Amino acid sequence: MKMSGEIIDNIIKLKELEKLPIFHMSLSSKELFHSNFLGWILENYQEEMVIFFESELRCKFTTREIKNIQREKKNIDLSFTIGDTLFLIENKVKSIAYKEQLDKYSQLDKKIFTNDDVVKIKYILLSLQEPEFINTNKEYQSPNGYIWRYIGYTNLVAGLRKIANFENEYHRHLIEDYIQFIKILNENIMQQVPQANVLNMYQKGTPDYEFLQKLTEIRMHDFFQKAVFENFANDICKELIKQRGTYKELKEIKSGMTRGTGLINIFFEYDSDVSMGIQIQGGQYRKFINGTSEEDIFELSTKLKNKSFFAFQFFGGKEVRPSNPNKKLQKLAENLGIANVDCAFNKYHWPLKKQLFLYKYITPKEVLSNADYINIICDDLKEMISLISEIKKDE
(Lines give C-alpha, C1' and ligand atoms only; values in the text may rest on other atoms or scores of the structure.)
Protein backbone atom coordinates (compact mmCIF):
# COMPACT_ATOMS: atom_id res chain seq x y z
CA MET A 1 0.00 0.00 0.00
CA LYS A 2 1.49 3.33 -1.09
CA MET A 3 2.17 5.98 1.55
CA SER A 4 0.48 9.34 1.19
CA GLY A 5 2.61 12.43 0.82
CA GLU A 6 1.35 13.65 4.19
CA ILE A 7 2.53 10.54 6.07
CA ILE A 8 5.92 10.72 4.32
CA ASP A 9 6.24 14.38 5.36
CA ASN A 10 5.30 13.49 8.94
CA ILE A 11 7.93 10.73 9.10
CA ILE A 12 10.57 13.16 7.80
CA LYS A 13 9.56 15.64 10.52
CA LEU A 14 9.87 12.91 13.17
CA LYS A 15 13.50 12.53 12.14
CA GLU A 16 13.93 16.26 12.84
CA LEU A 17 12.33 15.72 16.25
CA GLU A 18 14.97 13.09 17.07
CA LYS A 19 17.70 15.69 16.56
CA LEU A 20 16.34 18.02 19.26
CA PRO A 21 18.16 17.50 22.61
CA ILE A 22 15.14 18.84 24.47
CA PHE A 23 12.97 16.05 22.99
CA HIS A 24 15.29 13.38 24.39
CA MET A 25 15.30 15.15 27.75
CA SER A 26 11.51 14.85 27.77
CA LEU A 27 11.35 11.08 27.29
CA SER A 28 12.13 10.04 30.87
CA SER A 29 8.87 11.55 32.16
CA LYS A 30 6.92 13.20 29.39
CA GLU A 31 4.32 15.18 31.35
CA LEU A 32 6.54 15.96 34.33
CA PHE A 33 9.18 17.32 31.98
CA HIS A 34 6.69 19.76 30.41
CA SER A 35 5.41 20.88 33.81
CA ASN A 36 8.97 21.43 35.03
CA PHE A 37 9.93 23.35 31.90
CA LEU A 38 6.84 25.54 32.15
CA GLY A 39 7.62 26.10 35.85
CA TRP A 40 11.12 27.24 34.87
CA ILE A 41 9.65 29.69 32.33
CA LEU A 42 7.21 31.03 34.95
CA GLU A 43 10.11 31.66 37.33
CA ASN A 44 12.35 33.38 34.79
CA TYR A 45 9.89 35.21 32.53
CA GLN A 46 7.17 36.30 34.91
CA GLU A 47 5.96 39.45 33.19
CA GLU A 48 5.70 37.74 29.80
CA MET A 49 3.73 34.84 31.27
CA VAL A 50 1.36 37.14 33.20
CA ILE A 51 0.63 38.91 29.91
CA PHE A 52 0.06 35.50 28.27
CA PHE A 53 -2.52 34.47 30.88
CA GLU A 54 -4.22 37.86 30.67
CA SER A 55 -4.63 37.33 26.95
CA GLU A 56 -5.88 33.74 27.27
CA LEU A 57 -8.28 34.42 30.13
CA ARG A 58 -9.35 37.90 28.95
CA CYS A 59 -8.64 39.51 32.31
CA LYS A 60 -6.20 41.95 33.94
CA PHE A 61 -3.90 41.44 36.93
CA THR A 62 -2.61 44.20 39.19
CA THR A 63 0.86 42.64 39.38
CA ARG A 64 3.47 41.18 37.04
CA GLU A 65 4.86 38.90 39.73
CA ILE A 66 4.28 35.12 39.89
CA LYS A 67 4.64 33.52 43.33
CA ASN A 68 4.23 30.16 45.09
CA ILE A 69 5.24 28.08 42.04
CA GLN A 70 4.84 24.41 42.97
CA ARG A 71 4.99 21.18 40.98
CA GLU A 72 3.12 17.94 41.61
CA LYS A 73 1.42 19.05 44.81
CA LYS A 74 -1.67 16.94 45.59
CA ASN A 75 -1.34 15.56 42.03
CA ILE A 76 -1.80 19.03 40.55
CA ASP A 77 0.89 19.32 37.87
CA LEU A 78 1.59 23.01 38.42
CA SER A 79 0.25 25.65 40.78
CA PHE A 80 1.15 29.31 41.36
CA THR A 81 -0.38 32.66 42.27
CA ILE A 82 -0.67 35.95 40.41
CA GLY A 83 -1.84 38.58 42.87
CA ASP A 84 -4.97 37.28 44.60
CA THR A 85 -5.54 34.52 42.02
CA LEU A 86 -4.45 30.91 42.47
CA PHE A 87 -3.76 28.95 39.28
CA LEU A 88 -4.15 25.16 39.26
CA ILE A 89 -2.90 23.62 36.01
CA GLU A 90 -3.64 20.08 34.87
CA ASN A 91 -1.06 19.32 32.18
CA LYS A 92 -1.78 16.67 29.54
CA VAL A 93 0.82 15.80 26.93
CA LYS A 94 1.13 12.03 26.55
CA SER A 95 -2.24 11.27 28.13
CA ILE A 96 -5.79 12.55 27.74
CA ALA A 97 -7.90 14.54 30.19
CA TYR A 98 -10.96 12.97 31.80
CA LYS A 99 -13.84 14.84 33.39
CA GLU A 100 -13.69 12.69 36.52
CA GLN A 101 -10.11 13.77 37.17
CA LEU A 102 -10.91 17.47 36.71
CA ASP A 103 -13.98 17.12 38.96
CA LYS A 104 -11.81 15.61 41.71
CA TYR A 105 -9.17 18.33 41.48
CA SER A 106 -11.73 21.15 41.58
CA GLN A 107 -12.67 20.02 45.10
CA LEU A 108 -9.19 20.63 46.54
CA ASP A 109 -8.85 23.25 49.29
CA LYS A 110 -6.96 26.32 48.06
CA LYS A 111 -5.16 26.55 51.44
CA ILE A 112 -3.17 23.47 50.46
CA PHE A 113 -1.32 25.53 47.84
CA THR A 114 -0.76 28.94 49.44
CA ASN A 115 -1.03 30.89 52.68
CA ASP A 116 -1.65 34.12 50.80
CA ASP A 117 -5.03 35.82 50.65
CA VAL A 118 -6.42 34.09 47.56
CA VAL A 119 -9.74 35.42 46.36
CA LYS A 120 -10.07 33.61 43.00
CA ILE A 121 -9.01 30.28 41.55
CA LYS A 122 -8.32 29.68 37.87
CA TYR A 123 -8.52 26.04 36.83
CA ILE A 124 -6.49 25.48 33.66
CA LEU A 125 -6.39 22.39 31.45
CA LEU A 126 -3.23 22.64 29.34
CA SER A 127 -3.27 19.93 26.70
CA LEU A 128 -2.09 18.97 23.22
CA GLN A 129 -5.50 17.48 22.43
CA GLU A 130 -8.79 19.26 23.08
CA PRO A 131 -11.17 16.83 24.84
CA GLU A 132 -14.67 16.22 23.50
CA PHE A 133 -16.26 17.69 26.62
CA ILE A 134 -14.77 21.18 26.16
CA ASN A 135 -17.50 23.58 25.00
CA THR A 136 -17.36 26.27 22.31
CA ASN A 137 -16.10 28.78 24.91
CA LYS A 138 -13.10 26.49 25.52
CA GLU A 139 -14.43 25.61 28.98
CA TYR A 140 -15.70 22.71 31.04
CA GLN A 141 -17.95 23.22 34.05
CA SER A 142 -17.61 20.57 36.76
CA PRO A 143 -20.71 19.36 38.67
CA ASN A 144 -19.77 21.59 41.64
CA GLY A 145 -19.86 24.64 39.36
CA TYR A 146 -16.14 25.30 38.94
CA ILE A 147 -14.93 26.28 35.47
CA TRP A 148 -11.91 24.67 33.82
CA ARG A 149 -10.41 26.73 31.01
CA TYR A 150 -8.80 24.82 28.14
CA ILE A 151 -5.53 26.20 26.76
CA GLY A 152 -3.93 24.34 23.89
CA TYR A 153 -0.18 23.89 23.56
CA THR A 154 -0.38 25.79 20.28
CA ASN A 155 -1.57 28.83 22.28
CA LEU A 156 1.26 28.36 24.77
CA VAL A 157 3.81 28.22 21.95
CA ALA A 158 2.35 31.41 20.44
CA GLY A 159 2.86 33.07 23.83
CA LEU A 160 6.45 31.84 24.11
CA ARG A 161 7.24 33.28 20.68
CA LYS A 162 6.48 36.74 22.08
CA ILE A 163 9.30 36.55 24.63
CA ALA A 164 11.78 39.13 23.31
CA ASN A 165 14.14 39.93 26.17
CA PHE A 166 15.96 36.70 26.97
CA GLU A 167 18.30 36.68 29.96
CA ASN A 168 20.98 35.03 27.82
CA GLU A 169 21.53 33.13 24.58
CA TYR A 170 21.22 29.76 26.32
CA HIS A 171 17.67 30.59 27.41
CA ARG A 172 16.81 31.72 23.90
CA HIS A 173 18.07 28.46 22.36
CA LEU A 174 16.23 26.36 24.96
CA ILE A 175 12.90 28.07 24.38
CA GLU A 176 13.30 28.05 20.59
CA ASP A 177 14.02 24.29 20.68
CA TYR A 178 11.00 23.77 22.89
CA ILE A 179 8.79 25.70 20.46
CA GLN A 180 10.04 23.54 17.58
CA PHE A 181 9.48 20.40 19.67
CA ILE A 182 5.82 21.28 20.38
CA LYS A 183 5.27 22.38 16.76
CA ILE A 184 6.32 18.93 15.46
CA LEU A 185 4.26 17.11 18.13
CA ASN A 186 1.19 19.07 17.16
CA GLU A 187 1.51 19.33 13.39
CA ASN A 188 3.08 15.96 12.57
CA ILE A 189 1.67 13.67 15.24
CA MET A 190 -1.54 15.09 16.70
CA GLN A 191 -2.93 16.20 13.34
CA GLN A 192 -2.48 12.64 12.09
CA VAL A 193 -4.77 11.29 14.85
CA PRO A 194 -8.17 11.89 13.13
CA GLN A 195 -6.85 10.30 9.91
CA ALA A 196 -5.33 7.18 11.48
CA ASN A 197 -6.99 3.88 10.52
CA VAL A 198 -7.42 1.80 13.68
CA LEU A 199 -7.09 -1.60 11.96
CA ASN A 200 -4.32 -0.56 9.55
CA MET A 201 -2.13 0.60 12.43
CA TYR A 202 -1.50 -3.08 13.26
CA GLN A 203 -1.34 -4.52 9.73
CA LYS A 204 2.16 -4.75 8.31
CA GLY A 205 2.77 -2.99 5.02
CA THR A 206 0.19 -0.23 5.52
CA PRO A 207 1.17 3.46 5.83
CA ASP A 208 -0.48 3.65 9.28
CA TYR A 209 1.61 0.69 10.46
CA GLU A 210 4.84 2.28 9.19
CA PHE A 211 3.99 5.56 10.89
CA LEU A 212 3.28 3.80 14.20
CA GLN A 213 6.58 1.90 13.93
CA LYS A 214 8.44 5.18 13.51
CA LEU A 215 6.66 6.58 16.57
CA THR A 216 7.65 3.43 18.49
CA GLU A 217 11.31 4.04 17.60
CA ILE A 218 11.17 7.47 19.23
CA ARG A 219 8.96 6.29 22.13
CA MET A 220 5.92 8.37 21.18
CA HIS A 221 3.68 5.44 20.20
CA ASP A 222 1.80 5.42 23.51
CA PHE A 223 0.96 9.10 23.20
CA PHE A 224 -0.34 8.60 19.63
CA GLN A 225 -2.32 5.40 20.25
CA LYS A 226 -4.08 6.82 23.30
CA ALA A 227 -5.28 9.76 21.22
CA VAL A 228 -6.34 7.57 18.26
CA PHE A 229 -8.26 5.13 20.45
CA GLU A 230 -9.97 7.89 22.40
CA ASN A 231 -11.07 9.45 19.10
CA PHE A 232 -12.31 6.08 17.89
CA ALA A 233 -14.21 5.45 21.15
CA ASN A 234 -15.83 8.89 20.83
CA ASP A 235 -16.86 8.08 17.25
CA ILE A 236 -18.42 4.81 18.46
CA CYS A 237 -20.32 6.74 21.14
CA LYS A 238 -21.61 9.25 18.57
CA GLU A 239 -22.93 6.43 16.38
CA LEU A 240 -24.58 4.73 19.37
CA ILE A 241 -26.21 7.99 20.46
CA LYS A 242 -27.91 8.23 17.05
CA GLN A 243 -29.68 4.98 17.96
CA ARG A 244 -29.98 5.63 21.68
CA GLY A 245 -32.98 3.37 22.34
CA THR A 246 -31.29 0.40 20.65
CA TYR A 247 -28.37 0.34 23.07
CA LYS A 248 -30.05 1.09 26.40
CA GLU A 249 -28.31 -1.95 27.99
CA LEU A 250 -24.90 -0.38 27.35
CA LYS A 251 -23.01 0.12 30.60
CA GLU A 252 -19.88 2.04 29.56
CA ILE A 253 -17.25 2.59 26.89
CA LYS A 254 -13.64 3.17 27.96
CA SER A 255 -10.44 3.74 26.01
CA GLY A 256 -6.81 3.60 27.08
CA MET A 257 -3.56 1.69 26.66
CA THR A 258 -2.35 -1.71 27.75
CA ARG A 259 0.81 -3.67 26.89
CA GLY A 260 1.91 -1.08 24.38
CA THR A 261 -1.28 -1.02 22.31
CA GLY A 262 -4.51 0.98 22.22
CA LEU A 263 -7.54 -0.41 24.04
CA ILE A 264 -11.32 0.04 23.97
CA ASN A 265 -13.76 -1.79 26.26
CA ILE A 266 -17.51 -1.76 25.54
CA PHE A 267 -19.45 -3.22 28.48
CA PHE A 268 -23.00 -4.56 28.64
CA GLU A 269 -24.43 -5.54 32.01
CA TYR A 270 -25.87 -9.05 31.90
CA ASP A 271 -26.72 -9.06 35.60
CA SER A 272 -25.29 -7.60 38.80
CA ASP A 273 -22.41 -10.12 38.85
CA VAL A 274 -21.55 -10.56 35.17
CA SER A 275 -20.86 -8.26 32.20
CA MET A 276 -20.18 -9.04 28.58
CA GLY A 277 -19.04 -7.02 25.63
CA ILE A 278 -16.50 -6.16 22.97
CA GLN A 279 -12.85 -5.34 23.53
CA ILE A 280 -10.54 -3.94 20.87
CA GLN A 281 -6.88 -4.27 21.79
CA GLY A 282 -4.49 -3.25 19.06
CA GLY A 283 -5.34 -5.37 16.02
CA GLN A 284 -7.43 -7.91 17.96
CA TYR A 285 -11.23 -7.85 18.06
CA ARG A 286 -12.49 -9.65 21.16
CA LYS A 287 -15.74 -10.77 22.70
CA PHE A 288 -15.60 -11.19 26.45
CA ILE A 289 -17.40 -12.18 29.62
CA ASN A 290 -16.26 -10.87 32.98
CA GLY A 291 -17.50 -10.63 36.53
CA THR A 292 -17.05 -11.58 40.15
CA SER A 293 -18.96 -14.89 40.06
CA GLU A 294 -16.89 -17.61 38.35
CA GLU A 295 -19.82 -20.05 38.36
CA ASP A 296 -22.08 -17.53 36.62
CA ILE A 297 -19.36 -16.75 34.05
CA PHE A 298 -19.00 -20.44 33.13
CA GLU A 299 -22.76 -20.84 32.92
CA LEU A 300 -23.13 -17.79 30.66
CA SER A 301 -20.19 -18.85 28.44
CA THR A 302 -21.97 -22.16 27.70
CA LYS A 303 -25.21 -20.38 26.84
CA LEU A 304 -23.42 -17.90 24.59
CA LYS A 305 -21.56 -20.68 22.78
CA ASN A 306 -24.86 -22.42 22.06
CA LYS A 307 -26.14 -19.11 20.63
CA SER A 308 -23.06 -18.72 18.37
CA PHE A 309 -21.94 -15.59 20.23
CA PHE A 310 -18.31 -16.35 19.43
CA ALA A 311 -18.81 -16.89 15.68
CA PHE A 312 -17.71 -13.34 14.74
CA GLN A 313 -20.04 -13.60 11.75
CA PHE A 314 -19.69 -9.94 10.74
CA PHE A 315 -16.03 -10.51 9.85
CA GLY A 316 -16.64 -13.32 7.37
CA GLY A 317 -15.78 -16.33 9.52
CA LYS A 318 -12.17 -15.66 10.49
CA GLU A 319 -10.31 -18.17 12.67
CA VAL A 320 -11.41 -17.75 16.27
CA ARG A 321 -8.71 -18.02 18.92
CA PRO A 322 -7.90 -19.68 21.21
CA SER A 323 -9.01 -22.99 19.69
CA ASN A 324 -7.67 -25.25 22.45
CA PRO A 325 -8.85 -25.45 26.07
CA ASN A 326 -7.04 -23.38 28.68
CA LYS A 327 -5.61 -25.82 31.26
CA LYS A 328 -5.85 -23.36 34.15
CA LEU A 329 -9.45 -22.67 33.23
CA GLN A 330 -10.19 -26.40 33.09
CA LYS A 331 -8.69 -26.76 36.56
CA LEU A 332 -10.82 -23.89 37.84
CA ALA A 333 -13.96 -25.48 36.40
CA GLU A 334 -13.07 -28.80 38.02
CA ASN A 335 -12.51 -27.13 41.39
CA LEU A 336 -15.92 -25.51 41.07
CA GLY A 337 -17.49 -28.87 40.20
CA ILE A 338 -18.57 -27.69 36.74
CA ALA A 339 -18.49 -30.26 33.92
CA ASN A 340 -18.89 -30.04 30.11
CA VAL A 341 -17.94 -26.38 29.95
CA ASP A 342 -16.12 -24.59 27.11
CA CYS A 343 -12.61 -23.77 28.35
CA ALA A 344 -11.16 -22.55 25.03
CA PHE A 345 -10.69 -18.98 26.27
CA ASN A 346 -7.89 -16.61 27.01
CA LYS A 347 -8.26 -15.40 30.55
CA TYR A 348 -6.90 -12.99 33.08
CA HIS A 349 -7.88 -11.88 36.54
CA TRP A 350 -8.33 -8.32 37.75
CA PRO A 351 -7.07 -8.81 41.33
CA LEU A 352 -8.20 -5.41 42.64
CA LYS A 353 -11.75 -5.97 41.41
CA LYS A 354 -11.60 -9.73 42.08
CA GLN A 355 -12.93 -10.33 38.58
CA LEU A 356 -12.38 -13.07 36.02
CA PHE A 357 -12.14 -11.97 32.38
CA LEU A 358 -12.63 -14.56 29.60
CA TYR A 359 -12.37 -13.77 25.90
CA LYS A 360 -12.07 -15.15 22.39
CA TYR A 361 -10.73 -13.09 19.54
CA ILE A 362 -10.02 -12.75 15.85
CA THR A 363 -7.43 -10.62 14.05
CA PRO A 364 -9.31 -8.91 11.21
CA LYS A 365 -7.37 -8.57 7.96
CA GLU A 366 -10.08 -6.74 6.03
CA VAL A 367 -9.40 -3.35 4.50
CA LEU A 368 -11.93 -1.34 6.47
CA SER A 369 -12.39 2.36 7.02
CA ASN A 370 -12.98 3.44 10.61
CA ALA A 371 -16.63 4.13 9.69
CA ASP A 372 -17.07 0.56 8.32
CA TYR A 373 -15.38 -0.84 11.43
CA ILE A 374 -17.79 1.10 13.64
CA ASN A 375 -20.75 -0.24 11.63
CA ILE A 376 -19.57 -3.81 12.31
CA ILE A 377 -19.18 -3.01 16.02
CA CYS A 378 -22.72 -1.61 16.13
CA ASP A 379 -24.11 -4.67 14.31
CA ASP A 380 -22.33 -6.92 16.79
CA LEU A 381 -23.70 -4.93 19.71
CA LYS A 382 -27.25 -5.28 18.34
CA GLU A 383 -26.68 -9.02 18.02
CA MET A 384 -25.40 -9.08 21.60
CA ILE A 385 -28.51 -7.35 22.89
CA SER A 386 -30.68 -9.82 21.02
CA LEU A 387 -28.77 -12.77 22.50
CA ILE A 388 -29.10 -11.38 26.03
CA SER A 389 -32.86 -11.11 25.51
CA GLU A 390 -33.11 -14.67 24.15
CA ILE A 391 -31.05 -16.15 26.99
CA LYS A 392 -33.08 -14.38 29.66
CA LYS A 393 -36.33 -15.60 28.09
CA ASP A 394 -35.05 -19.17 28.24
CA GLU A 395 -34.18 -18.92 31.94
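Look a little higher up for the structure.
### Notes on the sheet that holds strand β5 (residues 139-141)
1) Next: Ordered by their spatial adjacency, 6 strands build an open sheet running β1-β2-β3-β4-β6-β5, and the pairing between neighbours is mixed. Both edges of this open sheet fall to β1 (66-73) and β5, since each of them pairs with a single strand only. Taken over all neighbouring pairs, the strand axes of this sheet differ in orientation by 25° on average, direction set aside.
2) Next: Of the strand pairs in this sheet, β1 and strand β2 (residues 76-82) are connected by 5 bridges, and their pairing is antiparallel. Each residue of the ladder has a partner; that of Arg71, found in β2, is Leu78.

### Re the environment of Asp372
1) Next: With respect to the secondary-structure elements, Asp372 resides in helix α12 (residues 370-394).
2) Next: Placed 188 residues apart in sequence, Asp372 and Ile184 show a C-alpha to C-alpha distance of 31 Å.

### Some remarks on the environment of Arg286
1) Next: Mapped onto the elements, Arg286 comes out in strand β10 (residues 284-291).
2) Next: Residue Arg286 is classed as buried on the basis of its relative accessible area, which comes to 6%.
3) Next: Placed 35 residues apart in sequence, Arg286 and Arg321 show a C-alpha to C-alpha distance of 9.4 Å.
4) Next: Apart from the residues lying within four places of it in its own chain, the contact partners of Arg286 are Gly277, Ile278, Gln279, Gln281, Phe312, Tyr359, Lys360 and Tyr361.
5) Next: Of note is the side chain of Arg286, whose polar atom sits 2.9 Å from the side chain of Gln281.
6) Next: A distance of 2.8 Å separates polar atoms of two side chains, one belonging to Arg286 and the other to Gln284.

### Some remarks on the nonpolar core
1) Next: Met49, Phe53, Phe80, Phe224 and Ile377 are the most contacted members of the largest nonpolar core, which totals 105 residues.
2) Next: A per-element tally of this core places α12 first, with 11 residues.
3) Next: Beyond its immediate chain neighbours, meaning those up to four positions away, Ile377 contacts Phe232, Ile236, Ile266, Ile278, Ile280 and Tyr285.
4) Next: The next biggest cluster of nonpolar side chains, apart from the first, holds 14 residues, and it includes Ala97, Phe113, Leu125 and Tyr140.

### A short note on the pairing of strand β12 (residues 355-362)
1) Next: With respect to burial, β12 is a largely interior element, 8 of its 8 residues being buried.
2) Next: Bridging between β10 and β12 involves 7 bridges; their strand directions are antiparallel. Across the sheet, Asn290 pairs through a bridge with Phe357, a residue of β12.

### Quick notes on unusual backbone geometry
1) Next: Cis rather than trans, the peptide bond between Arg321 and Pro322 has omega equal to -5°.
2) Next: Mapping Pro322 onto the fold places it in the loop between α10 (294-306) and α11 (327-335).
3) Next: Phi is positive for Arg58, close to 55°, though the residue is something other than glycine.
4) Next: On the secondary structure map, Arg58 appears in the loop between α4 (46-57) and β1.

### With respect to α11
1) Next: Taken residue by residue, α11 has Leu329, Leu332 and Ala333 as its buried positions. The arc that holds the buried residues of α11, viewed along the axis, is 100°, so those residues lie on one side. Relative to its buried face, α11 has exposed residues pointing more than 90 degrees away, namely Lys327, Lys328, Glu334 and Asn335.
2) Next: At the N-terminal end of α11, a side-chain oxygen is found 3.0 Å from the backbone nitrogen of Lys328, two or three residues along, and the residue is Asn326.

### What to know about the state of the cysteines
1) Next: Evaluated as defined, the whole model comprises 0 disulfides.
2) Next: Among the cysteines around Cys237, which has no disulfide bond, Cys378 carries the closest sulfur, lying 10 Å off.
3) Next: Under the relative-accessibility criterion, Cys237 is labelled partly exposed at 27%.
4) Next: You can call Cys378 buried: its relative accessible area is 3%.

### Side note on empty space enclosed by the protein
One water molecule sets the probe size; rolling that probe over the atoms shows where empty space is left.
1) Next: Summed over all chains, the structure comprises 2 cavities of 30 Å³ or more.
2) Next: Along the walls of the largest cavity sit Val93, Lys94, Ser95, Ile96, Ser127, Leu128, Gln129, Met190, Phe223, Lys226 and Ala227, which together make up its complete lining.
3) Next: Tallying contributions element by element places helix α9 (residues 221-242) first for the lining of the largest cavity, with 3 residues.
4) Next: Along the lines of polarity and charge, the residues of the lining of the largest cavity split into 6 nonpolar, 3 polar and 2 charged.
5) Next: The space that makes up the second largest cavity amounts to roughly 30 Å³.
6) Next: Residue lining of the second largest cavity: Leu38, Phe52, Phe53, Ile89, Ile124, Leu126, Ile151 and Leu156, and that is the complete set.
7) Next: Going through the elements one at a time, α4 and β4 (120-127) are the ones with two or more residues in the lining of the second largest cavity.

### Structural notes on the pattern of salt bridges
If charged atoms from side chains of opposite charge come close, those side chains can pair.
1) Next: Under the criterion given, the structure shown has 16 salt bridges.
2) Next: Measuring nitrogen to oxygen at the nearest pair gives 4.0 Å for the salt bridge that ties Glu139 to Arg149. A residue pair is termed long-range when its members are at least 10 positions apart, and Glu139 in strand β5 and Arg149 in strand β6 (residues 147-152) qualify at 10 residues.
3) Next: With a relative accessible area of 25%, Glu139 lands in the partly exposed category.

### A word on the packing of aromatic side chains
1) Next: In total, this model carries 27 aromatic pairs according to the counting rule given.
2) Next: Taken together, a centroid distance of 4.7 Å and an interplanar angle of 25° make the contact between Phe288 and Phe357 stacked. Of the two residues, Phe288 is situated in strand β10 and Phe357 in strand β12; the sequence distance between them amounts to 69 residues. Both residues of the pair, Phe288 and Phe357, belong to the buried class.
3) Next: Taken together, the aromatic side chains of Phe33, Phe37, Trp40, Tyr45, Phe166, Tyr178 and Phe181 make up a single cluster linked through ring pairs.
4) Next: It is Lys392 that lies over the ring of Tyr270; its NZ or CZ is 5.1 Å from the centre.

The rules behind each value
Residues numbered from 1 in each chain as written. Predicted model: local features only at pLDDT ≥ 70, side-chain atom pairs only at ≥ 80, totals over all residues. Heavy atoms only, no water. Pairing = 2+ DSSP bridges. Helix = DSSP H or I, 4+ residues; strand = E, 2+ residues; numbered from the N terminus. Axes fitted to C-alpha atoms, helices over the stretch in contact; angles between N-to-C directions. Buried < 20%, exposed > 50% of the residue type's maximum accessible area, 1.4 Å probe, protein only. Contact = heavy atoms within 4.5 Å. Polar contact = N/O pair within 3.5 Å; in protein donor to acceptor, adjacent residues only side chain to side chain. Core = buried A, V, L, I, M, F, W, Y, C linked by side-chain atoms within 4.5 Å. Arc of directions from axis to C-beta. Disulfide = S-S within 2.5 Å. 1 Å grid on protein atoms, 1.4 Å probe; cavity = no way out; pocket = protein on both sides within 12 Å on 5 of 7 lines; lining within 4 Å. Points joined across faces, edges and corners; volume = space filled by probe spheres on them. Nonpolar A, V, L, I, M, F, W, Y, C, P; charged D, E, K, R; others polar. Salt bridge = Lys/Arg side-chain N within 4 Å of Asp/Glu carboxyl O. Phe/Tyr/Trp six-rings, centres within 6.5 Å; stacked < 30°, edge-to-face > 60°. Lys NZ or Arg CZ within 6 Å of the ring centre and 35° of its normal.

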